[in-house]
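Below are the chains, spelled out letter by letter.
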Amino acid sequence: MEELLLEFQTKIARVSLEIQRYLVHQIDLNNRLISIKGARGAGKTTILLQVAKLHLPLQSTLYISLDHIYFYDNKLYDLAKQFVLYGGTHLLLDEVHKYQNWSRELKLIYDNFPELNVIFTSSSMLEIYKSESDLSRRAVTYYLKELSFREFISFETNTVYPTYSMATILEQHNAITTTLLEDIKPLPLFEKYLRIGAYPYYKENENLYNQKLLNTINLLIEIDINAVENLTYDTLVRLKKLLITIASSAPFTPNITKLSEKVGVSRNTLIQCIKILERAGLINELYKDTSGIGVLTKPEKIYLNNSNLMYALAKDNTNIGNVRETFFLNQFKGLHEVNLSEVADFIIDKTYTFEIGGKNKGKKQIQNTENAYIAKDNIEIGIGNIIPVWLFGFMY
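Small disclaimer: the values here were computed from a predicted structure and weren't measured.

Thresholds, definitions, all that
- Throughout this document, residue positions are counted from 1 along each chain, in the order its sequence is written.
- With pLDDT at 70 or above as the cut-off, local features in this predicted model cover only qualifying residues; side-chain atom pairs require 80 or more to be listed or tallied, and sums for whole chains, interfaces and linings still use all residues.
- Hydrogens and waters are ignored; side-chain quantities use all the structure's heavy atoms.
- In this description, strands pair whenever DSSP reports at least two bridges between them.
- By the criteria applied, helices consist of DSSP H or I runs no shorter than four residues and strands consist of E runs no shorter than two, each listed in order from the N terminus.
- Every angle, taken between N-to-C directions, lies between 0 and 180 degrees, and every axis is a line fitted to C-alpha atoms, over only the stretch in contact when it is a helix.
- We call two residues in contact whenever any of their non-hydrogen atoms come within 4.5 Å of each other.
- Roughly parallel covers angles under 35 degrees, roughly antiparallel covers those over 145, roughly perpendicular covers 65 to 115, and oblique covers all other angles.
- The nonpolar class holds Ala, Val, Leu, Ile, Met, Phe, Trp, Tyr, Cys and Pro. Asp, Glu, Lys and Arg form the charged class, and all remaining residues, Gly among them, are polar.
- Only protein chains enter the accessibility calculation, which uses a 1.4 Å probe; a residue whose area is less than 20% of its type maximum is buried, one above 50% is exposed, and one in between is partly exposed.
- By convention a crossover is right-handed if, when the strands point away from the viewer, the path from the first strand over the helix to the second runs clockwise.

Visitor: How should I be thinking about the sheet that holds strand β3 (residues 90-94) in this particular structure?
Guide: Strands sit in the order β2-β3-β4-β1-β5 across an open sheet of 5 strands; the sheet is parallel. Strands with a single pairing partner mark the edges of an open sheet, and in this sheet they are β2 (61-65) and β5 (140-144). Recorded for the sheet is a direction-independent mean angle of 15° between the axes of neighbouring strands. Direction of pairing for β3 relative to strand β4 (residues 117-123): parallel, over a ladder of 4 bridges. Residue H90 lies in a different strand from β4, and its bridge partner there is N117. Of the strands in this sheet, β1 (33-38), β3 and β4 are in contact with helix α4 (residues 102-112), which crosses β4 at around 165°.

Visitor: Would you explain the packing of helix α5 (residues 149-157) against helix α7 (residues 186-196) in this entry?
Guide: Describing two packed helices takes the angle between their axes plus the distance from one axis to the other. Viewed as axis vectors pointing N to C, α5 and α7 meet at an angle of 105°, and their least axial separation amounts to 10 Å. On the basis of their axis angle, the class for α5 and α7 is roughly perpendicular. Across from F149, F152, I153 and E156 in α5, the residues of α7 making contact are P186, L189, F190, K192 and Y193. Its residues assigned to classes, the contact of α5 with α7 comprises 7 nonpolar, no polar and 2 charged.

Visitor: Is there a simple way to explain the pairing of β2 in this structure?
Guide: One face of the sheet, then the other: side chains in a regular strand alternate in exactly this way. Burial of β2 is extensive: 5 of the 5 residues sit out of reach of the surface. Where burial is concerned, the two faces of β2 agree: the one with T61, Y63 and S65 and the one with L62 and I64 are both buried. Both β2 and β3 contribute to a ladder of 5 bridges, which runs parallel. Among the inter-strand pairings, Y63 is bridged to a residue of β3, identified as L92. Crossover handedness for the path β2 to helix α3 (residues 76-85) to β3: right-handed.

Remember that the coordinates give geometry; whether it matters functionally is a separate question.
Laid out in C-alpha cells, this is it:
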C-alpha cells in the first residue's frame, strides 16, 4: 500500500494544471461512484489526476491503473478494504475494463464501504448497465469528448476562452467573434485543429501525430473493443476493414448488402460492427428520425467521429466539404440531438436547420426554412444567419 501511495504522490507532483479539460469542473464529487468514459487518448488519466490535485484531500486519496502489476497478485476489493483501514476516502481507478471482475468488485466496494468515494475511468466501449453487476443505478456517468476547438486554442495559446451555448452563438455570434478576433486569428488555428487537434497528445510530437493516432486506433480495436466484446481475431480484422472502407468514403449512405459482401460478414453482423465502432468513438451514425431506432436498424449516413481520423485514415481522399460536416457533427454530438435534415445537412434538437459550406455557400437550400442557418468555413465573422463554422467549436 505504501508503494502505491508513493507512486500516486509522484504522479500528482508531475501533473500540470496549466490546461484543464472542460470536464474537470463539471464532475459532481458528491456522488459516491462516478464513471468517466471516453475514447482512448482523450485525456481521462489526466482528468483523474487534475481532479485529485484540485478538489480532493491528497492525504486520503489514491490513484491506480487497473493494469498495474499490483493486480497480478491482489484483488481490487482487497485494495479498497485496506485503503479504508488506512483512512482512505477517495479511490481513483483508471482503465477498469482491463480488470476481469471490475463490475462485481466495484459493486461490493460501493455496498460495503460507504465512507469511500470511487471515481473510475473506462473505455467508451463499456456499458455499465450491461455489466455483470449492473452499476447503472449506483454510478453517475460522464463522457469525455475529444478536444473542442476552444480547448485546442487553449493548448496552442495558453489562454482560456469562455464557452458559449448554441443559443448564445445563434443570437450573439457577431459580438462574440468580434471579441475573439481581438486576441486570435481563428482560421489558421482551425485548419491545424481539423488535421491534428482532436486529442491532447498531439502536443507530444506534431510530426508523428498521425502515426500515433493510427497506433491508437489499432490498440482501441485490438485491446479496448476486445476487452469488452471478446471478439474473435477474424472479427477484429473485419472491424478494421470496415473502418477503412468507411474512411475512404465517409460521410456516406451505406449500402448494407454491398458493404457486408465487401467486409465478408452477414447483414446483422455488419450492423453490429457499425454499432461497435460508434461506441468505440470511431464513427458517428446519423438518422433523419431517431424515434423507433432498433439495435439492427441501419444508419442512413455514417461519418468518422472527427476530422483527424479522416486525415489519418483516408489521407489524400479527404474532401474538405466532408471535413467541415464531420467537425460540425462532432462538436454537437452528446450536447444536442443531431439528425439528418430533409432540406440541408443537419437539424439540431428537431428545430434548428444547418447547411455547412465554404465561403461562397449560398442561402438557396434554406431560404424557405424557419430557424435555418449557414455555418461557413473560411470566414472570420458572420452576419445574420451566416455564422463562422469554427465558432461552434466553443460550445464546450
